[in-house]
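As a plain string of letters, each chain reads:
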Amino acid sequence: MVTTFSHHRAFMKETAFSYTPTSLGKWALLASQALDSYKLDSQEIFLSSGVALKDIKKNNARIPASAMLQIWQQGLELSQDPYLSLRVAKLFIPAAFSTLGLALSASEHVHDALQRACRYSQVISNDAHVSLLETEHEVALTVNAGVIREPKNHTGLEAVFACMLMVLRSVAGQEFKAQAVYFKHAFTGDKKPFETFFNCPVYFSSNTNQLVFDKAHVFTPQAFSNTRLTNKLDQWIEEYLYQTQQQRLAPRVKKLIGSHLAQGECHLPTISAQLAMSVRVLQRKLKAEGTSFSELYDECRQKMALKLIVNPRHTLAYVSEVLGFNNPANFTRAFKRWTGLAPQVFRDR
């Protein structure tokens, strides 16, 4: 087959945003500590998956998510402990989530921490999409498979949920608990240790991966919150993600959305044209990264709303118009979905 210049250009467009999903090095180090606690040789286990522990001890180190899955699998097989994820949680400290862990611990309340966890989940791993779903009475941290879809080993997901609860307990107190936990994968053993740890019902073979909380308990202010610190940490995290995700398409789309929102309009065809790809290709590539244009657009509008609304010079009608809502009522509904509060209530706090 003869490769013409046009074929080559099309190929480059298709592959320009391919990337290897990665996991946080410090998260991998926590896994190694858990493996060592079983008297296993974590260094050998990591090496067999192509990862040298000495390399991931460096600041900001990351490892391929596929290697992390292999490490979890070996750990489960060698430890013969189906509750390996709970062992990981017992060894957890916020620094295992790097700067994100520190920011979560200093959050204003649990809801603030959950929003931050969703916004910056890719610090821990960028092979899944994390979102916050809210109803009148519940708030649910939801994880959907991304590039590495439906892995055979689910220890990592269980460990993330367990460690997230540990972080939230550092915010709300050790008595804080989930209302329910759902995992898509099956579990044939005794689930009582999971229910004892989470202090709530745990359901396997579900149609979702969720940590569900009672909405009445997630807005209690914590005594040791530090808004100035979390703002600085958020800035650092955003810079870190920008530097480590240059190959990903989603950050570039979000940056373009932000610039267009600042100019008063944002349309999918315009964004796709600036990235030199069709709308269909853009949507497909975002789907492969576990997200969508509408989700990124919503995230950008939320971020801009939180910045604008704290300025008393901006009327709510002005904020609504700037964000592209066709009427204030739609803005109010969106803002309540983002924060759990009406815009004016949020501003008057």
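Just above, that's the structure.
The rules we used
- Residue indices begin from 1 for each chain and proceed along its sequence in written order.
- Two thresholds apply to this predicted model, a pLDDT of at least 70 for residue-level local features and 80 or more for giving and counting side-chain atom pairs, whereas whole-chain, interface and lining totals are computed over all residues.
- The basis for every side-chain value is the complete set of heavy atoms in the structure, and neither hydrogens nor water enter the calculation.
- Secondary structure follows DSSP: runs of H or I at least 4 residues long count as helices, runs of E at least 2 residues long count as strands, and numbering of each begins at the N terminus.
- The buried label applies to any residue whose accessible area, calculated with a 1.4 Å probe on protein chains only, is under 20% of its type's maximum; exposed applies above 50%, and partly exposed to all values in between.
- The contact criterion used is simple: two residues touch if any of their non-hydrogen atoms lie within 4.5 Å.
- Positive charge is attributed to Lys and Arg, negative charge to Asp and Glu, and no charge count is given to His or to the chain ends.
- One atom stands in for each charge, and that atom is NZ of Lys, CZ of Arg, CG of Asp or CD of Glu.
- Buried residues of nine kinds, namely Ala, Val, Leu, Ile, Met, Phe, Trp, Tyr and Cys, make up a nonpolar core once their side-chain atoms join them within 4.5 Å.
- Here a cavity denotes grid points, spaced 1 Å and computed from the protein atoms alone, that fit a 1.4 Å probe unable to get out, and a pocket denotes an open set having protein on both sides within 12 Å along at least 5 of 7 lines; residues with an atom within 4 Å of a point are the lining.
- Grid points are joined across faces, edges and corners, and a volume is the space filled by probe spheres set on the points.
- Here the term charged refers only to Asp, Glu, Lys and Arg, the term nonpolar to Ala, Val, Leu, Ile, Met, Phe, Trp, Tyr, Cys and Pro, and the term polar to all other amino acids, Gly among them.
- One fewer than the residue count of a helix, multiplied by 1.5 Å, yields its expected span.
- Any carboxyl oxygen of Asp or Glu that lies within 4 Å of a side-chain nitrogen of Lys or Arg is treated as forming a salt bridge with it.
- Working definition: rings of Phe, Tyr and Trp (its six-membered ring) pair if their centres are within 6.5 Å, and the pair is stacked with planes under 30 degrees apart, edge-to-face with planes over 60 apart, and tilted otherwise.
- Working rule: Lys NZ or Arg CZ, within 6 Å of ring centre, within 35 degrees of ring normal, means a charge sits over the ring.
- One requirement defines pairing of two strands: DSSP has to find at least two bridges between them.
- Angular values range over 0 to 180 degrees, each being the angle between N-to-C directions of two axes fitted as lines to C-alpha atoms, with helices fitted over their stretch in contact.
- Definitions for this section: a left-handed crossing has its near helix turned counterclockwise from the far helix by less than a right angle. A right-handed crossing has that turn clockwise.

*Asks:* I keep staring at the overall build of the protein chain and nothing clicks. Help me out?
*Replies:* Counting its secondary structure elements, the protein chain contains 18 helices and seven strands. Here the C-alpha coordinates of the protein chain stretch approximately 65 × 60 × 35 Å along the principal axes. Out of the 349 residues belonging to the protein chain, those deemed buried represent 49%. The long-range fraction of contacts in the protein chain, counting pairs at least 24 apart against all pairs at least 6 apart in sequence, stands at 68%. Counting 39 positive and 29 negative side-chain charges, the protein chain places the averaged centre of each group 5 Å from the other.

*Asks:* Help me understand the nonpolar core in this model?
*Replies:* For soluble globular proteins, the rule of thumb is that nonpolar side chains tend to be buried together. Membership of the largest hydrophobic core comes to 72 residues, with the highest contact counts inside it found for W27 and F198. With ten residues, the single largest contributor to this core is helix 9 (residues 155-172). For W27, the residues in contact, after removing those within four places along its chain, are W72, V88, A96, F97, I124, G156, A159, V160 and C163. Judged by nonpolar contacts, the second largest core, of 32 residues, contains C266, Y297, V319 and L341.

*Asks:* I tried to follow empty space enclosed by the protein on my own but got confused; where do I start?
*Replies:* Leftover empty space is mapped by rolling, across the atoms, a probe with the size of a water molecule. By the definition in use, this model includes two cavities of 30 Å³ or more. When its volume is computed, the second largest cavity comes out at roughly 60 Å³. Along its surface, the second largest cavity is lined by L24, K26, N60, S98, T99, L100, V123, W236, I237 and Y240. Among the residues forming the lining of the second largest cavity, the class breakdown is six nonpolar, three polar and one charged.

*Asks:* Help me understand helix 12 (residues 250-262) in this model?
*Replies:* One turn of the α-helix equals 3.6 residues, which is why residues spaced by three or four share an orientation. Over its 13 residues, helix 12 extends 18 Å from the first C-alpha to the last, a length consistent with the 18 Å expected when each residue adds 1.5 Å. If you follow the buried residues of helix 12, they end up packed against helix 13 (268-274), helix 14 (279-288), helix 15 (293-309) and helix 16 (316-322). Phi turns positive one or two residues past the end of helix 12, at G264, with a value near 100 degrees.

*Asks:* Even after reading the chapter, I still don't get the layout of surface pockets, so can you show me in this structure?
*Replies:* Taken as a whole, the second largest pocket encloses approximately 160 Å³ of empty space. As for the second largest pocket, its lining consists of eleven residues, of which L76, H154, T155, E158 and F187 are closest to the centre. Elements supplying a minimum of two residues to the lining of the second largest pocket: helix 5 (65-79) and helix 9.

*Asks:* Help me out: how do you make sense of the pattern of salt bridges in this one?
*Replies:* A side chain of one charge can pair with a side chain of the opposite charge when the charged atoms of the two come close. Tallying each qualifying case throughout the model produces nine salt bridges. In this structure, D234 and R119 form a salt bridge, with 3.7 Å as the shortest nitrogen-oxygen distance. Of this pair, D234 sits in helix 11 (residues 227-244) while R119 is found in helix 8 (residues 110-119), placing the two residues 115 residues apart along the sequence.

*Asks:* What am I meant to see in unusual backbone geometry here?
*Replies:* The phi torsion of most residues other than glycine is negative, and most of the peptide bonds are trans. Not every positive phi belongs to a glycine, and Q80 is a case in point at roughly 55 degrees. Tracing the chain through its elements places Q80 in the loop between helix 5 and helix 6 (84-91). Despite not being glycine, A276 has its phi angle at roughly 60 degrees, a positive value. For A276, the position within the fold is in the loop between helix 13 and helix 14.

*Asks:* Explanation requested: the packing of aromatic side chains in the structure shown.
*Replies:* Enumeration over the complete set of coordinates arrives at 20 aromatic pairs. Judged by centre distance (5.1 Å) and plane angle (25 degrees), the ring pair of F187 and F204 falls under stacked. Pair noted here: F187 is in the loop between strand 5 (180-182) and helix 10 (192-198) and F204 is in the loop between strand 6 (202-203) and strand 7 (210-214), with a separation of 17 residues, a long-range link. Members of the aromatic cluster, joined through ring pairs, are Y83, F161, F183, F187, F194 and F204. The ring of Y38 has R87 sitting right over it, with the charged end atom 4.0 Å from the ring centre.

*Asks:* I keep staring at the side chain of Q115 and nothing clicks. Help me out?
*Replies:* The residue Q115 is located in helix 8 in this model. Residue classification places Q115 among the buried positions, given a relative accessible area of 12%. Discounting chain neighbours no more than four positions away, the residues touching Q115 are L132, Q302, W338 and T339.

*Asks:* Explain the pairing of strand 7 to me, please; I cannot follow it from the model alone.
*Replies:* Remark: a regular strand shows side chains that alternate across the two faces of the sheet. Counting buried residues in strand 7 gives four out of five residues, a clear majority hidden from the surface. Across three bridges, the pairing between strand 5 and strand 7 is antiparallel. Counterpart to A180 in the pairing with strand 7 is V212.

*Asks:* How do you make sense of the environment of R252 when you look at a structure like this?
*Replies:* Relative to the assigned elements, R252 resides in helix 12. Of the residues examined, R252 reaches a relative accessible area of 41% and is grouped as partly exposed. When the C-alpha positions of R252 and S49 are compared, they lie 31 Å apart, and in sequence the two are 203 residues distant.

*Asks:* Honestly, the packing of helix 6 against helix 9 in this entry has me stumped. Any pointers?
*Replies:* Describing two packed helices takes the angle between their axes plus the distance from one axis to the other. Put simply, helix 6 and helix 9 touch, their axes get as near as 8 Å, and they point 35 degrees apart. When you trace helix 6 past helix 9, the crossing you get is right-handed. On the side of helix 6, the interface is formed by L84, S85, L86, V88 and A89, while helix 9 contributes T155, E158, A159, A162, C163 and M166. Across the contact of helix 6 with helix 9, the residue classes tally to eight nonpolar, two polar and one charged.

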